[in-house]
Amino acid sequence: MGYLMSKEDKIFNAKLAEQAERYEDMVDYMKEIVASGVELTNEDRNLLSVAYKNWIGSRRTAWRAITAIEQKEESKGSKFLDLLKKYKAKVEGEVEKISDDINSLLDKYLVPKATTPETQVFYLKMKGDYYRYFAECVTGDKNKAAGEKGHEAYKAATEKAKDLPTTHASRLGLALNYSVFFYEILNSPEQACKLAKTAFDGAIGDLEHLEDEPYKDAATIMQLLRDNLTLWTADAEEEAKDKDKEDVQELQLPSQL
């Protein structure tokens, strides 16, 4: 008869797998805990998040690298393009599998049993994140479907987040990721900037009232919000300049005929 591991054993093994950078093993241990039906502690949730983020993270990095190589090879008219596309599709399939895996856990066990605004926001944000990760890698109908589901999850999380303080790390982290979703997946820079700025402005006045640890957490996320706003605003200004140049060229074009 096999040894039945306790939750404590599984948590130990999950941490061990993390240290060994064996993230698929870490995922397996955390999935067993989730499937047992127990309510996850804050530490459990963070371990689950770390496991899946690292599991999918290597695939996202691989996809970006392959995409960059594909663009170079296309410009050269490479004979290896078909091989590249097949390998890229393999990685996309892995991203889809991981996204489906965590979203299945979220739908079946985690979101329905979340009883506090903090846990509800955590899980719904996570759901939006993994649809975003998949949407990054695909086009056409798959991109559209993932974008719609991600938007729905982020929107639901935002409603729940209204019950959290403006400086709460979960609320700020949601605003950060949702704004990135607007910018990168929905191609809506104005909405991305509006969301990031609203979250930043809403928290800045309450920051001084926080204790040391929550202050550090909030300040770190707010800095990321500010960095994105700076980058996105600069991009918008550059695009406006380019548009002005195009308009000028179009106006001058008749006189050059």
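Quick look at the structure, then. Fair warning: this is a prediction, and the values are worked out from it, not measured in the lab.

## Focus on the overall build of the chain
Of regular secondary structure, the chain possesses 9 helices and 0 strands. Secondary structure of the chain in N-to-C order comes out as α-α-α-α-α-α-α-α-α. Oriented by its inertia axes, the alpha-carbon framework of the chain measures out at about 85 × 55 × 30 Å. Taking all 257 residues of the chain together, the buried fraction comes to 39%. Within the chain, counting contacts between residues at least 6 apart in sequence, those at least 24 apart form 66% of the total. Just so you have it, the chain exposes about 15400 Å², and 52% of that area is on carbon and sulfur atoms. Positive and negative side-chain charges in the chain, numbering 37 and 48 respectively, have mean positions lying 4 Å apart.

## Overview of the layout of surface pockets
The computed volume of the largest pocket comes to approximately 770 Å³. Every residue lining the largest pocket is counted, 30 residues in all, and those nearest its centre are Lys 53, Lys 125, Asp 129, Gly 173 and Asn 177. Listing elements by their share of the lining of the largest pocket, those giving two or more residues are helix H3 (42-76), helix H5 (117-137), helix H7 (169-184) and helix H9 (212-256). Reported here for the second largest pocket is a volume of approximately 320 Å³. Along the walls of the second largest pocket sit 15 residues, with Thr 158, Arg 171, Leu 195, Thr 198 and Ala 199 positioned nearest its centre. Secondary structure elements with two or more residues in the lining of the second largest pocket: helix H6 (140-161), H7 and helix H8 (189-204).

## Notes on H8
Between its first and last C-alpha atoms H8 spans 22 Å; for 16 residues at 1.5 Å apiece the expected length is 22 Å, and the two agree. Among the residues making up H8, those that are buried are Ala 192, Cys 193, Leu 195, Ala 196, Ala 199, Phe 200 and Ala 203. Relative to the axis of H8, the buried residues are bounded by an arc of 165° and lie together on one face. In H8, those exposed residues whose orientation departs by more than 90 degrees from the buried face are Glu 190, Lys 194 and Thr 198.

## Remarks on the packing of H3 against helix H4 (residues 81-113)
Packed helices, taken two at a time, are described by the angle their axes make and the gap between the axes. Closest axis-to-axis distance for the H3/H4 pair is 10 Å, and the angle between their directions is 155°. Here H3 is positioned roughly antiparallel relative to H4, judged by the angle of their axes. Every pair of crossing elements has a handedness; the one defined by H3 and H4 is left-handed.

## Section: helix H1 (residues 7-19)
The end-to-end C-alpha distance of H1, which contains 13 residues, comes to 18 Å, matching closely the 18 Å that a straight helix rising 1.5 Å per residue would cover. Within the span of H1, buried status applies to Lys 10, Ile 11, Asn 13, Ala 14 and Ala 17. Within H1, the buried residues cover an arc of 165° as seen down the axis, which keeps them to one side. Exposed residues on H1 whose side chains face more than 90 degrees from its buried face are Glu 8, Phe 12 and Gln 19. Where H1 terminates, the next one or two residues include Glu 21, which has phi positive at roughly 60°.

## Quick notes on the packing of H1 against H3
Close contact between H1 and H3 brings their axes to 11 Å; oriented N to C, the two are set at 40°. By the angle between their directions, the pair H1 and H3 is classed as oblique. By crossing handedness, the relation of H1 to H3 is classed as left-handed. Contacts between H1 and H3 pair Lys 7, Ile 11, Lys 15 and Glu 18 from the former with Glu 43, Asp 44, Leu 47 and Val 50 from the latter. When grouped by side-chain class, the residues that make up the contact of H1 with H3 number 3 nonpolar, no polar and 5 charged.

## What to know about the side chain of Ser 78
Relative to the elements of secondary structure, Ser 78 occurs in the loop between H3 and H4. At a separation of 2.7 Å, a polar atom in the side chain of Ser 78 contacts the side chain of Glu 73. Within the structure, the side chain of Ser 78 is placed 3.0 Å from the backbone nitrogen of Phe 80, a separation counted as a polar contact.

What counts, and at which threshold
- Residues numbered from 1 in each chain as written.
- Predicted model: local features only at pLDDT ≥ 70, side-chain atom pairs only at ≥ 80, totals over all residues.
- Heavy atoms only, no water.
- Helix = DSSP H or I, 4+ residues; strand = E, 2+ residues; numbered from the N terminus.
- Buried < 20%, exposed > 50% of the residue type's maximum accessible area, 1.4 Å probe, protein only.
- Contact = heavy atoms within 4.5 Å.
- Areas by Shrake-Rupley, 256 points an atom, 1.4 Å probe, with all protein chains shown as cover.
- Lys, Arg positive; Asp, Glu negative; His and termini not counted.
- Charge placed at Lys NZ, Arg CZ, Asp CG, Glu CD.
- 1 Å grid on protein atoms, 1.4 Å probe; cavity = no way out; pocket = protein on both sides within 12 Å on 5 of 7 lines; lining within 4 Å.
- Points joined across faces, edges and corners; volume = space filled by probe spheres on them.
- Expected span 1.5 Å × (residues − 1).
- Arc of directions from axis to C-beta.
- Axes fitted to C-alpha atoms, helices over the stretch in contact; angles between N-to-C directions.
- Parallel < 35°, antiparallel > 145°, perpendicular 65-115°, else oblique.
- Left-handed = near helix turned anticlockwise from the far one by under 90°.
- Nonpolar A, V, L, I, M, F, W, Y, C, P; charged D, E, K, R; others polar.
- Polar contact = N/O pair within 3.5 Å; in protein donor to acceptor, adjacent residues only side chain to side chain.

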